[in-house]
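Per-entry structural report
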Amino acid sequence: RPPYPEALRAQEKEAVLRLRLSIDERGRVIAVEPVGKADAAFVAAARRHILKAWRYAPAMEGDRAISSTTVVTLEFRLDS
């Protein structure tokens, strides 16, 4: 999970983000863009984490790896 932005934690804000990920032919996420309206601080935190840590099996076209996109939902929820 991405680190929670401290300023937003202090304000007790939560968010559900829909993000479009661009994935290269090696399975590395190379771009993260919000789908719809989203708080910039949550998007920035998610982007930094996803670009650094997330990996996918690359999409295949026959026996050749290709770049692709996918949309994911990511939740920032405060622990109760």
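Read on for an overview of the structure. (Residues numbered from 1 in each chain as written. Predicted model: local features only at pLDDT ≥ 70, side-chain atom pairs only at ≥ 80, totals over all residues. Heavy atoms only, no water.)

Description of unusual backbone geometry
Heads up, the condition is: The helix count covers DSSP runs of H or I at least four residues long, the strand count covers runs of E at least two residues long, and both are numbered beginning at the N terminus. Burial classes: relative accessible area under 20% of the type maximum marks a residue as buried, over 50% as exposed, and values in between as partly exposed (1.4 Å probe, protein chains only).
In this structure, Glu-12 takes a positive phi of about 60° despite not being glycine. Tracing the sequence through the fold places Glu-12 in the loop between helix 1 (6–10) and strand 1 (15–23). Residue classification places Glu-12 among the exposed residues on the basis of a relative accessible area of 62%.

As for the nonpolar core
A general feature of soluble globular proteins is that nonpolar side chains tend to end up buried together. Worth spelling out the cut-off: We define the nonpolar core as a collection of buried residues of types Ala, Val, Leu, Ile, Met, Phe, Trp, Tyr and Cys that are connected through side-chain atoms lying within 4.5 Å of one another. Contacts were defined at the residue level, with two residues in contact if any of their heavy atoms lie within 4.5 Å.
Ranked by internal contacts, the top residues of the largest apolar core, which has 17 residues, are Leu-17, Leu-19, Leu-21, Phe-42, Ala-46, Ile-50 and Phe-76. If near-sequence neighbours (up to four positions away) are discounted, Ile-50 is found in contact with Leu-19, Leu-21, Val-29, Val-32, Arg-55 and Leu-74.

Concerning the pairing of strand 2 (residues 29–34)
For clarity, the threshold we go by: Here, a strand pair is defined by DSSP locating no fewer than two bridges between the strands.
Two elements, strand 1 and strand 2, share five bridges in a ladder whose sense is antiparallel. Pairing of Ser-22 across the sheet is with Ala-31, part of strand 2. Between strand 1 and strand 2, which pair antiparallel and follow one another directly, the connecting turn spans five residues, one of which, Gly-27, has a positive phi of 90°.

Side note on the side chain of Asp-24
Mapped onto the secondary structure, Asp-24 falls in the loop between strand 1 and strand 2. The contacts of Asp-24, once residues within four sequence positions are left out, are Ile-30, Pro-58, Ile-66 and Ser-67.

Let's talk about helix 2 (residues 40–53)
How we decide: In this scheme, a helix's expected span is set at 1.5 Å multiplied by one less than its residue total. The reported arc concerns the directions from the helix axis to the C-beta atoms and nothing else. Any pair of nitrogen or oxygen atoms within 3.5 Å is treated as a polar contact; in protein, a donor-acceptor pairing is required on top of that, and neighbouring residues in sequence qualify only through side-chain atoms on both sides.
In this model helix 2 runs 20 Å from its N-terminal to its C-terminal C-alpha over 14 residues, within 8% of the 20 Å that 1.5 Å per residue would give. Listed in full, the buried residues belonging to helix 2 are Phe-42, Val-43, Ala-45, Ala-46, His-49 and Ile-50. End-on view of helix 2: buried residues confined to an arc of 165°, all on one side of the axis. Exposed residues lying more than 90 degrees from the buried face of helix 2 are Ala-40, Arg-48 and Lys-52. Close packing links the buried residues of helix 2 with helix 1, strand 1, strand 2 and strand 5 (68–76). Sitting at the amino-terminal end of helix 2 is Asp-39, which places a side-chain oxygen 2.8 Å from the backbone nitrogen of Ala-41.

Notes on the packing of aromatic side chains
Under the convention used in this document: Working definition: a ring pair exists when centres of Phe, Tyr or Trp rings (six-membered ring for Trp) sit within 6.5 Å. Plane angles under 30 degrees give stacked, over 60 give edge-to-face, the rest tilted.
In total, this model carries three aromatic pairs according to the counting rule given. Ring geometry for Tyr-4 against Phe-42: centres 5.7 Å apart, planes inclined by 85°, an arrangement best described as edge-to-face. Here Tyr-4 is found in the segment before helix 1, whereas its partner Phe-42 is found in helix 2, with 38 residues between them in sequence. For Tyr-4, a relative accessible area of 10% corresponds to the buried category.

Looking at the sheet that holds strand 1
Here is the rule we go by: Lines are fitted to the C-alpha atoms to define the axes, a helix being fitted only along its stretch in contact, and any angle between axes, read from their N-to-C directions, falls within 0 to 180 degrees.
Pairing in this open sheet of three strands is antiparallel, and the strands run 2-1-5 from one edge to the other. Both edges of this open sheet fall to strand 2 and strand 5, since each of them pairs with a single strand only. Within the sheet, the average angular offset between the axes of one strand and its neighbour, ignoring direction, is 30°.

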